[in-house]
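Close look at the chain arrangement
The lines below spell out each chain.
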Amino acid sequence: MAASRLYIAVAPGDGIGPEIMDAAMTLFKAAHVDDHADFIPAQMGKEVFDTGNTRGVTDEAVRTIEDCGVLFKGPMETPKGGGGKSINVTLRKLFSTYANFRVFKTLPGVQTVYSKAGIRLDFSIVRENIEDTYGGVEHRLTSDMVQCKRLISAPGSDQVHRFALQTARTLGVSKVHCGHKANIMKMSDGLFLDRFKAAAKDFPEIETGDVIVDALCMNLVVKPQQYKMIVLPNLQGDIVSDLAAGLVGGLGFAPSANIGRHISIFEAVHGTAPDIAGKGIANPTSLILSGIMMLRHVGLVRHAAIIENALLAALETGLHTGDFGDPSLPGYTKEPASTKDFVAGIIAKLGESPKTVPAAPVPEQDAPAFTHAPRPASQQMIRTFTNIVSHVVGCDIYLDTPLSPPAVADEMQRVAQDTPFRLTLISNRGTQVWPSGSVYTECVDYYRVRFELREGVSPGQIGQSRAVTLLDKIAEKFTVCSYELLRVFDGVKGYSMAQGQ
Ligand code: NAP
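This next bit is on the overall build of the chain. What the chain contains, in helices and strands, is 14 helices and 18 strands. Expressed as a percentage of contacts within the chain between residues at least 6 apart in sequence, the contacts between residues at least 24 apart total 76%. For the chain, the distance from the average site of its 49 positive side-chain charges to the average site of its 53 negative ones is 4 Å.

Here it is, written out as structure tokens:
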């Protein structure tokens, strides 16, 4: 690969993917993007799943993306239920694209309740992209219970918060909110929020705030213009960003960038729309807008601005595909444009600026800024806290049993008699059912029994093997379905209380 050229991996996708990717590429070619960049095919999606490859991406495609450092992709079909996992999630996690950045802007020609009310929207969401429940770490624990582990790390949170705050600084965004549910998930969302507050100290010029995610959803519907940028954990960010897309006209108008330290992925956020695939009528706007973000990312800032202005200028004439349109605009036609005609309409506007909405400033020249760091020899460890002293102070043992809470308590107290631990809590679905609780708490076949150090035994006095020995004793009589050690970190409890405790 020549050092002076940009190389971008491309995967058109499934369903309408090839049609909208062809549209985006035709536009880029007309704007002379290929004077600077080569687009290298990367094979993934349905055709790869169909060969029996459950990852849905070939090894060669993985290497192509690693070598290019940038992937431009169309939507990919995800097998439902069993079978292969989502390629989108696989790629984001494989290449550690820790921040999903989506921009929500009112576009001319796209009618929404807000545009009709004269309210212009322009805000963004930065969603953590790797952790949370998206690890897909799931287990069946008993006949009746399954679990999904929710993982939130300090360095993972730091990466996404710093990306959000740095992007706000670069774009001149004055206020960044952290969305969360730290009132309920005090440890996991609590850590996400704490790390936001810590990172914000390095960006004193940016006003920051936090908002509980349910209130955020209501506020976004009632008064969306109060937000400039919101950073959220993965699952909450996924849901809120689709809500936000709805405010500006739907998924077809919200570009998406997945940003990592070495590799970034730019994609349409809508799916493969199988019902209209092959008909030549799909709307390529989301992919084009994502492509514009990509051109800015690789430094083709002049090309990006010219293409963005042409798109806005075309939209404000009334040019539209079948899924949107504003009959009040001068060039609106009852018959929607095909995908090809829609792109031809944008190409005809290259070099022009929109008149009814602010134009993107066109820089004198591009500013190639994209440098691809050398390939690391192995996976990198990211760490935030070091030198923390931790001690085992107990364990939570999860049992598969139909016994009643008092019966479980009797058995557990007997087993723990000659150990350094005493039974302190039994909970069912997170609610305390022993030593106190309500007889009206309905129980399932999955109990947590908590053991903590007896009085007189101090943290550090015993090692984790004593807690494992206790597990062993319980496992002789009960079906154990999972196990967590309880630890203190620098003297602070590293575990939550039960509801009602
Ligand atoms: P979808 O593909 O987004 O389609 C839902 C509906 O939205 C379509 O039937 C179509 O509605 C409309 N639509 C979406 N994109 C459009 C476009 N560019 N132009 C015009 N209309 C568009 O959602 P889905 O049906 O839930 O998912 C289908 C497949 O896509 C699934 O396999 C799913 O896993 C996958 N998916 C992939 C991604 C991704 O790769 N990033 C994201 C989401 C879903 P009409 O009925 O009005 O024609």
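The discussion continues.
Glancing now at the environment of Y114. By the secondary structure assignment, Y114 is in helix α5 (residues 113-116). Take Y114: its relative accessible area is 10%, and that puts it in the buried class. For Y114 and S338, which are 224 residues apart along the polypeptide, the C-alpha to C-alpha distance reads 27 Å. The residues touching Y114, leaving out its near neighbours within four places in the chain, are I119, L121, L220, V221, P224 and L247. Within the structure, the side chain of Y114 is placed 2.5 Å from the backbone oxygen of V221, a separation counted as a polar contact.

To continue, consider the site of the ligand. Not every one of the 20 residues close to the ligand is listed here, only the nearest: M76, G271, A273, D275 and N283. In this structure, an oxygen atom belonging to the ligand sits 2.7 Å away from a main-chain N or O atom of G271. Between the ligand and N283, the relevant distance is 2.9 Å, taken from a nitrogen atom to a main-chain nitrogen or oxygen of the residue. Burial of the ligand by the protein chains amounts to 63% of its free accessible area of 870 Å². Looking at the shell around the ligand residue by residue, the classes come out as nine nonpolar, six polar and five charged.

Here the focus is the domain arrangement of the chain. Each assigned domain of the chain is listed here: domain 1 (122-247) and domain 2 (390-493). Placing a centre on the C-alpha atoms of domain 1 and another on those of domain 2 gives a separation of 33 Å. Contacts between domain 1 and domain 2 engage seven residues on the former and eight residues on the latter. Note on domain 1 versus domain 2: buried area summed over both sides is about 590 Å², and carbon and sulfur give 59% of it. A per-residue breakdown of the area domain 1 buries against domain 2 is headed by L141, T142 and M145, which together make up 69% of the total. There are one salt bridge connecting domain 1 and domain 2. K149 is the salt-bridge partner of E484, the closest N and O atoms lying 3.6 Å from each other. Our count for the domain 1 to domain 2 interface comes out at two residue pairs in polar contact (both at pLDDT 80 or more).

The strand order across the open sheet formed by six strands is β15-β14-β16-β13-β17-β18, and the pairing between neighbours is antiparallel. Each end of this open sheet is capped by a strand with a single partner; those strands are β15 (431-434) and β18 (492-493). Both strand β13 (residues 390-400) and strand β17 (residues 479-489) contribute to a ladder of ten bridges, which runs antiparallel. Opposite I397, over in β17, you have Y483 as the bridge partner.

As a further point, take the side chain of H177. With respect to the helices and strands, H177 occurs in strand β8 (residues 175-180). The exposure class assigned to H177 is buried, which follows from its relative accessible area of 10%. Setting aside residues up to four positions removed in sequence, H177 forms contacts with F196, G209, D210, V211, Q226, Y227, M229, I230 and V231.

Attention shifts here to a nonpolar patch on the surface. Where nonpolar side chains cluster on the molecular surface, the patch consists of M218, V221 and V222 and spans about 310 Å² of accessible area. Within the secondary structure, V221 sits in helix α8 (residues 213-222).

On to the packing of helix α1 (residues 17-30) against helix α12 (residues 339-347), then. Packing of α1 against α12 leaves a shortest axis separation of 10 Å and a crossing angle of 20°. It follows from the interaxial angle that α1 and α12 lie roughly parallel. As for the relative orientation of α1 and α12, their crossing is right-handed in sense. Contact with α1, carried on its side by E19, D22, A23, T26, L27 and A30, involves T339, K340, V343, I346 and I347 of α12 and no other residues of that element. Residue composition of the contact of α1 with α12, grouped by class: six nonpolar, two polar and three charged.

Relative to the assigned elements, S188 resides in helix α7 (residues 188-200). Sequence-distant contacts of S188, that is, excluding residues within four places in its chain, are made with R150 and I152.

Calculation notes
- Note on numbering: residues in each chain are counted from 1, in written sequence order.
- Where totals are concerned, whole chains, interfaces and linings use all residues; where local detail is concerned, this predicted model gives features only for residues with pLDDT of at least 70, and gives and counts side-chain atom pairs only at 80 or more.
- The side-chain quantities take in all heavy atoms of the structure and omit both hydrogens and water.
- Numbering of helices and strands runs from the N terminus; a helix is a DSSP stretch of H or I covering at least four residues, while a strand is a stretch of E covering at least two.
- Here, residues are in contact when the closest pair of their heavy atoms is within 4.5 Å.
- Residues counted as positive are Lys and Arg, residues counted as negative are Asp and Glu, and His and the chain ends are not counted.
- Here the site of a charge means NZ on Lys, CZ on Arg, CG on Asp, or CD on Glu.
- We call a residue buried when its accessible area falls under 20% of the maximum for its residue type, exposed when it is over 50%, and partly exposed in between, using a 1.4 Å probe and counting protein chains only.
- Whenever two N or O atoms come within 3.5 Å, that pair is a polar contact, provided that in protein one can donate a hydrogen and the other can accept it, and provided that, for residues adjacent in sequence, both atoms are side-chain atoms.
- We define proximity as follows: a residue is near a molecule or strand when any one of its heavy atoms falls within 4 Å of that partner.
- Note on areas: Shrake-Rupley, 1.4 Å probe, and residue coverage restricted to the protein chains presented here.
- Ten residues, namely Ala, Val, Leu, Ile, Met, Phe, Trp, Tyr, Cys and Pro, are considered nonpolar, four, namely Asp, Glu, Lys and Arg, are considered charged, and the remaining ones, Gly among them, are considered polar.
- As used throughout, domain bounds are those supplied by an automatic or database domain assignment.
- Throughout, the accessible surface (probe 1.4 Å) given up by two parts as they are put together, summed over both, is called the buried area.
- By salt bridge we mean one thing: a side-chain nitrogen of Lys or Arg within 4 Å of a carboxyl oxygen of Asp or Glu.
- DSSP bridges decide pairing: two strands pair if at least two such bridges lie between them.
- The residues that make up patches have over 30% relative accessible area and no salt bridge, and they are joined within 9 Å when like-charged or within 5 Å when they are Val, Leu, Ile, Met, Phe, Trp or Tyr.
- Lines fitted to C-alpha atoms define the axes here, with helix axes fitted over just the stretch in contact, and angles between the N-to-C directions of these axes take values from 0 to 180 degrees.
- Roughly parallel covers angles under 35 degrees, roughly antiparallel covers those over 145, roughly perpendicular covers 65 to 115, and oblique covers all other angles.
- In this scheme, a crossing is called left-handed if the near helix is turned counterclockwise away from the far one by less than a right angle; it is called right-handed if the turn is clockwise.

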